[in-house]
Each structure stands twice: as structure tokens, then as C-alpha cells.
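Residue-level listing of the chains:
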Amino acid sequence: MSSKKLTSCVCLAFFLVSCQFIQLEAQLQVGYYDTSCSMAESIVKDEVRKGFMRDSGLAAGLVRMHFHDCFVRGCDGSVLIDSTPSNKAEKDAAANNPSLRGFEIIDNAKARLESVCSGIVSCADIIAFAARDSTEMTRGLGWDVPAGRKDGRVSLASDIPANLPTPTFNLNQLTQSFARKGLTQEEMVILSGAHTIGRSHCTSFSSRLFGFNTTLGQDPTLDASYAAQLRQQCPQGNTNPNLVVPMDPSSPTLMDTGYYRDVQANRGLFTSDQTLLTNAATTNLVNQNAMNVYLWQSKFANAMVKMGKTSVLTGSAGEIRRNCRKIN
């Protein structure tokens, strides 16, 4: 093939990919339900508010739910589907059960929306709205949510290991995991800041406290006094699967920059938190975010919008589930 023809083919391929991207962006839009279900976002916000008043920790659960939904099969609401006798769904994978919570808030919002505009608002969009509302209720910055996602029809627990980053990931593993979803290393550091709210089960970090390796009982990158505190809260040999600790002890219900200050002080709860200090570029980002809460909140809002567009189903793809827990 001549160089001229090869160049033409490359340009055509780039043009077609660009057109697909532009089409996707056009199908997701802010104010998507303004004419079809004008109360959609306010109904979701009201249900999130009621849930937050009962348990402020549910806000962190809903932010995490959006992340776990988008990283597996894209932002398609598949994390909400219940398991059946013939299929173990995403929500029952070890990474999600029992740690994911807030499903009842999504259920309540969906029930109200079905009563006023049946078959219009997707479960995937409800999750996206709820994550934004939860951020606002924990004193973070909100954002306009581009909507128009359709709901997926498949949910497999077996999809989780290859898609969700784990608390034991090092920096390279984290960077690659986010890159596969179209997110940069900086956006990975920004989104990690969501660990400033919420809690963790002891099982997610106990390996840093006891029998770290053949020569060390404790992870040497973990602050000694913090480790001692964690050992009291999560004693060795404990068999209670529901034992939890706050991820940012100083302000577990505020979307602030306490997480980054914890990492600076070697008090990142997970290996995947503390690993942000193993590289000059990510260390610089940690320091920037720790010093400027508004800067981080602004970047977090932008990163959440971008993450919320991951492999979405739009147009004729997918469906609008009548019940978020099962396909139509």
C-alpha cells in the first residue's frame, strides 16, 4: 500500500473513532430529563438526603457505588442487579459484599420515579445523581451530571477481579487499572481522595498489621502509632466480618483533604493509599491537594464527570429497568 493511501486510511479510522466519541458525548447531556421527567434529579436528591439524615455514612457508600458500577462493564447500573440461583451478580462478589451499601436509597428513588414517570429514568443515572448529591451533603462541590445512560442486562461477580483495583495495589497497578478505564494517573490520585469519607472493613488492611512478610510483623510504611491504634480496633484473629474503622479518622463524614494529610503522615489506611508517595509525580499531587481543598474538590468534580462516562450504554443499547434489582 502506498504511503498516501496508508495515511488516508489512518485519517479515516481516526475520523470514525472521533465521530463515535462525539456521538457518545452528545447522547449524554446535562438536563437530559428536563422535559421527560423534570423532577428526576430532585427526587433522587430528596431520597439521598433522607438516607443521609438516618446514617451519614451512606453518602460514602453511594460515591463508592458509582465507582464500582463504572469500573465493571461501564456505568450501566449492573452493580444493582440481585443474584439469582443460576448467577452470582456483582454486588455479591467479595469486593462488594458486605462493603457496598445504600442500595435501599436507589430502590426508594426508583420507586418514586416510576410512580411519576414510568420507564423514563435509568438506574445507572440514579446512581450518578446520588453520588453527586452525596458529595454535596458531605460538604464537597457538586457538579452537573450528564445523563442519558441506559441500564445493562448483565451482572457477573466473575467480572470484578479483572476490573476493580484492590486495597493492596501498588502505584503501577493502580495507574494501569485507571488507564484501562480512560483515566489518567492524576485523576487516579484525585479520585483516591474519596477515601476521605467512609469506612473500611478490617479485612481490607489487616495484612499491614500482622504478619506483613517473613521478617516484619507490620508494614514499615505505616505510622507506628496509627498501626497500634488499628491493632486495638482490629485485633488479630478477630472473626467479625462487620468490624469497621473510619478511613479518615479526623473527619470521616466531610469531603475535605484530610485523606491527603493522612497519606503525608504515613497514615494512609490501605497499601493503595500509601503507595501514592512512592513516585515524585504522585507525591507532588498529594502535597498539592493537601494544601488546597477547593482545588482538590474542583478536580474531583471534573474527574467524577469523566468517570461517569465510562463505557456507557446509550440510545438503543441497554434498557430502562423498572426495578433496579433485576432486568426487565
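Definitions and cut-offs
Residues numbered from 1 in each chain as written. Predicted model: local features only at pLDDT ≥ 70, side-chain atom pairs only at ≥ 80, totals over all residues. Heavy atoms only, no water. Buried < 20%, exposed > 50% of the residue type's maximum accessible area, 1.4 Å probe, protein only. Helix = DSSP H or I, 4+ residues; strand = E, 2+ residues; numbered from the N terminus. Arc of directions from axis to C-beta. Polar contact = N/O pair within 3.5 Å; in protein donor to acceptor, adjacent residues only side chain to side chain. pLDDT = per-residue confidence, 0-100. Contact = heavy atoms within 4.5 Å. Salt bridge = Lys/Arg side-chain N within 4 Å of Asp/Glu carboxyl O. Axes fitted to C-alpha atoms, helices over the stretch in contact; angles between N-to-C directions. Parallel < 35°, antiparallel > 145°, perpendicular 65-115°, else oblique. Left-handed = near helix turned anticlockwise from the far one by under 90°. Core = buried A, V, L, I, M, F, W, Y, C linked by side-chain atoms within 4.5 Å. Expected span 1.5 Å × (residues − 1). Lys, Arg positive; Asp, Glu negative; His and termini not counted.

Our focus in this paragraph is helix 6 (residues 171-179). Here helix 6 has its buried residues at Leu171, Leu174, Thr175, Ser177 and Phe178. An end-on view of helix 6 places all buried positions within 165° of arc, on one side of the element. The distance from a side-chain oxygen at the start of helix 6 to the backbone nitrogen of Asn172 is 3.1 Å, and the residue carrying that oxygen is Asn170.

For the rest of this paragraph, the subject is the confidence of the model for the chain. For the chain, mean pLDDT is 92; residues scoring 70 or higher make up 92% of the total. Confidence drops under a pLDDT of 50 for residues 3-26, and excluding neighbours within four residues, the segment shows 6 contacts in the predicted structure.

On to the environment of Gln29, then. Turning to its location among the elements, Gln29 is positioned in strand 1 (residues 29-30). Looking at Gln29, the relative accessible area reads 39%, which means it is partly exposed. In this structure, the C-alpha to C-alpha distance between Gln29 and Pro146, residues 117 residues apart in sequence, is 4.2 Å. Sequence-distant contacts of Gln29, defined by excluding residues within four places in its chain, comprise Val145, Pro146 and Ala147.

Evaluation of the coordinates by the stated rule reveals 21 salt bridges. Between Arg73 and Asp159 there is a salt bridge, and its shortest N-O distance comes to 2.7 Å. On the criterion of sequence distance, the pair formed by Arg73 in the loop between helix 3 (58-70) and helix 4 (103-116) and Asp159 in the loop between strand 2 (146-147) and helix 6 is long-range, its members being 86 residues apart. Taking relative accessible area as the criterion, Arg73 reaches 38% and is therefore assigned partly exposed. Accessibility expressed as a relative area gives 18% for Asp159, which makes it buried. The partner of Glu186 in a salt bridge is Lys299, with the nearest N and O atoms 3.0 Å apart. Highlighted residues: Glu186 in helix 7 (residues 185-192) and Lys299 in helix 12 (residues 293-307), separated in sequence by 113 residues. Residue Glu186 is classed as partly exposed on the basis of its relative accessible area of 34%. A network of salt bridges, in which partner residues are shared, links Glu41, Lys45, Arg132, Asp133 and Glu136.

This next bit is on the packing of helix 3 against helix 5 (residues 123-137). Contact pair helix 3 / helix 5: the axes reach a minimum separation of 8 Å and the direction vectors enclose 140°. Taken together, the axis directions place helix 3 and helix 5 in an arrangement best described as oblique. By crossing handedness, the relation of helix 3 to helix 5 is classed as left-handed. Of the residues in helix 5, those in contact with Ala59, Leu62, Val63, Met65, His66 and Asp69 of helix 3 are Ile127, Ala128, Ala130, Ala131, Ser134 and Thr135.

So, on to the nonpolar core. Counting 70 residues, the largest nonpolar core has Leu80, Ile106 and Phe300 as its most contacted members. At 8 residues, the largest contribution of residues to this core is made by helix 5.

Moving on: helix 4. Counted at 1.5 Å a residue, the expected span for helix 4 with its 14 residues is 20 Å, and the 21 Å between its end C-alpha atoms agrees. Every buried residue of helix 4 is accounted for by Phe103, Ile105, Ile106, Ala109, Lys110, Leu113 and Glu114. Looking straight down helix 4, one finds that the buried residues subtend no more than 160° of arc, so they occupy a single side. Exposed residues on helix 4 whose side chains face more than 90 degrees from its buried face are Ser115 and Val116. Residues of helix 4 that are buried in the fold lie against helix 2 (40-54), helix 3 and helix 5.

Inspection of the secondary structure puts Thr257 in the loop between strand 4 (244-246) and helix 9 (258-264). Within the local environment of Thr257, its side chain forms a polar contact with the side chain of Arg261, the two groups lying 2.8 Å apart. Filtering out sequence-adjacent residues up to four positions away, Thr257 remains in contact with Asn289, Ala290, Asn292, Val293 and Trp296.

The interhelical angle for the contact between helix 3 and helix 12, taken along N-to-C directions, is 40°, at an axis separation of 10 Å. Accordingly, the angle class assigned to the pair helix 3 and helix 12 is oblique. Residue-level inspection shows Val63, His66, Phe67 and Cys70 of helix 3 in contact with helix 12, the latter providing Phe300, Met304 and Met307.

This paragraph deals with the side chain of Lys150. Residue position: Lys150 is located in the loop between strand 2 and helix 6. This buried residue, Lys150, is left without a salt bridge; Asp125 holds the nearest opposite charge, at 9.0 Å.

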